[in-house]
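Report on the structure
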Amino acid sequence: MNHILVILETREGKIRKNSYEALSKANSIGKILGKEVECFIFGQLENGEKEKIFEVGADKIYHFSSEQLNLYNPVSYYNTMAEHLEKNLPFSIFLSATATGKDFAGYIAGKLKTGVAQDVISVEVKDGKFEIVKPMYAGKL
């Protein structure tokens, strides 16, 4: 539990912009908590994409590249990363607030028997713990 894991989404061989946002926030929190930031990527990537990930703040990248992983499938994705997770359980996992990210976050939380916070608009660290803000009632409250 010495690292924060970010699961990056791809589309047509490129990292999606919202994944960089999740990585950036994980990086800033990792610095506060003294934790490394590791990234998982599924599917094939264009040349130069990994370098951009390091520039945003990843300490390590695990790239699971196969044609079968180019399209999102929670079972395939989880089975691909399960052995790594069992040996190296992260302190926290960050995903984008996309349909894919929300679906996979719920799937991972169920498999790991842990909680999940979705649609988060702010994450801060206070006394070594997360303080999370999320909208209520579609932002009406």
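See the structure above.
Residues numbered from 1 in each chain as written. Predicted model: local features only at pLDDT ≥ 70, side-chain atom pairs only at ≥ 80, totals over all residues. Heavy atoms only, no water.

Considering the layout of surface pockets
Taken as a whole, the largest pocket spans an internal volume of roughly 930 Å³. Along the wall of the largest pocket there are 31 residues; nearest its centre are Ser92, Ile93, Phe94, Leu95 and Ala117. At the level of elements, helix H1 (17–33), strand S6 (92–94), helix H4 (99–112), strand S7 (122–126) and strand S8 (129–133) are the ones that each hand at least two residues to the lining of the largest pocket. For the lining of the largest pocket, the element with the most residues is H4, which contributes six residues. Put simply, the second largest pocket is a space of about 300 Å³. Contributing to the lining of the second largest pocket are 17 residues, with Thr10, Arg11, Asn70, Tyr72 and Tyr77 lying nearest its centre. (1 Å grid on protein atoms, 1.4 Å probe; cavity = no way out; pocket = protein on both sides within 12 Å on 5 of 7 lines; lining within 4 Å. Points joined across faces, edges and corners; volume = space filled by probe spheres on them. Helix = DSSP H or I, 4+ residues; strand = E, 2+ residues; numbered from the N terminus.)

Comments concerning the nonpolar core
Core analysis: the largest hydrophobic core is formed by 19 residues, its most contacted members being Val6, Leu8, Ile15, Leu23, Cys39, Ile41 and Ile53. Of all the elements in the fold, those that place two or more residues in this core are strand S1 (3–8), H1, strand S4 (36–42) and S7. Ranked by residue count, the leading element in this core is H1, at five residues. When neighbours within four sequence positions are excluded, cysteine 39 is seen to be in contact with Leu5, Val6, Leu8, Leu23, Ile53, Ala58, Lys60, Ile61 and Tyr62. Core analysis: the second largest hydrophobic core is formed by 13 residues, Leu5, Tyr78, Ala82 and Ile108 among them. (Core = buried A, V, L, I, M, F, W, Y, C linked by side-chain atoms within 4.5 Å. Buried < 20%, exposed > 50% of the residue type's maximum accessible area, 1.4 Å probe, protein only. Contact = heavy atoms within 4.5 Å.)

So, the packing of aromatic side chains
Inspection of every chain in the model, using the stated rule, returns twelve aromatic pairs. Between tyrosine 77 and phenylalanine 104, the aromatic rings sit 5.7 Å apart at their centres with planes inclined by 85 degrees, giving edge-to-face as the arrangement. Here the residue tyrosine 77 occupies a position in helix H3 (residues 74–87), and phenylalanine 104 occupies one in helix H4, the gap between them amounting to 27 residues. For the residue pair tyrosine 77 and phenylalanine 104, the accessibility class agrees, reading buried in each case. Note on phenylalanine 91 and phenylalanine 130: the rings are 5.7 Å apart at their centroids and 55 degrees apart in plane angle, and the pair reads as tilted. (Phe/Tyr/Trp six-rings, centres within 6.5 Å; stacked < 30°, edge-to-face > 60°.)

Notes on the packing of H3 against H4
The contact between H3 and H4 brings their axes to 11 Å, and the two run at 45 degrees. Our classification of the angle between H3 and H4 gives oblique. As H3 runs across H4, the sense of the crossing is right-handed. Contact residues: Pro74, Val75, Tyr77, Tyr78, Met81 and Leu85 in H3; Asp103, Phe104, Tyr107, Ile108, Lys111 and Leu112 in H4. Broken down by class, the residue content of the contact of H3 with H4 amounts to ten nonpolar, no polar and two charged. (Axes fitted to C-alpha atoms, helices over the stretch in contact; angles between N-to-C directions. Parallel < 35°, antiparallel > 145°, perpendicular 65-115°, else oblique. Left-handed = near helix turned anticlockwise from the far one by under 90°. Nonpolar A, V, L, I, M, F, W, Y, C, P; charged D, E, K, R; others polar.)

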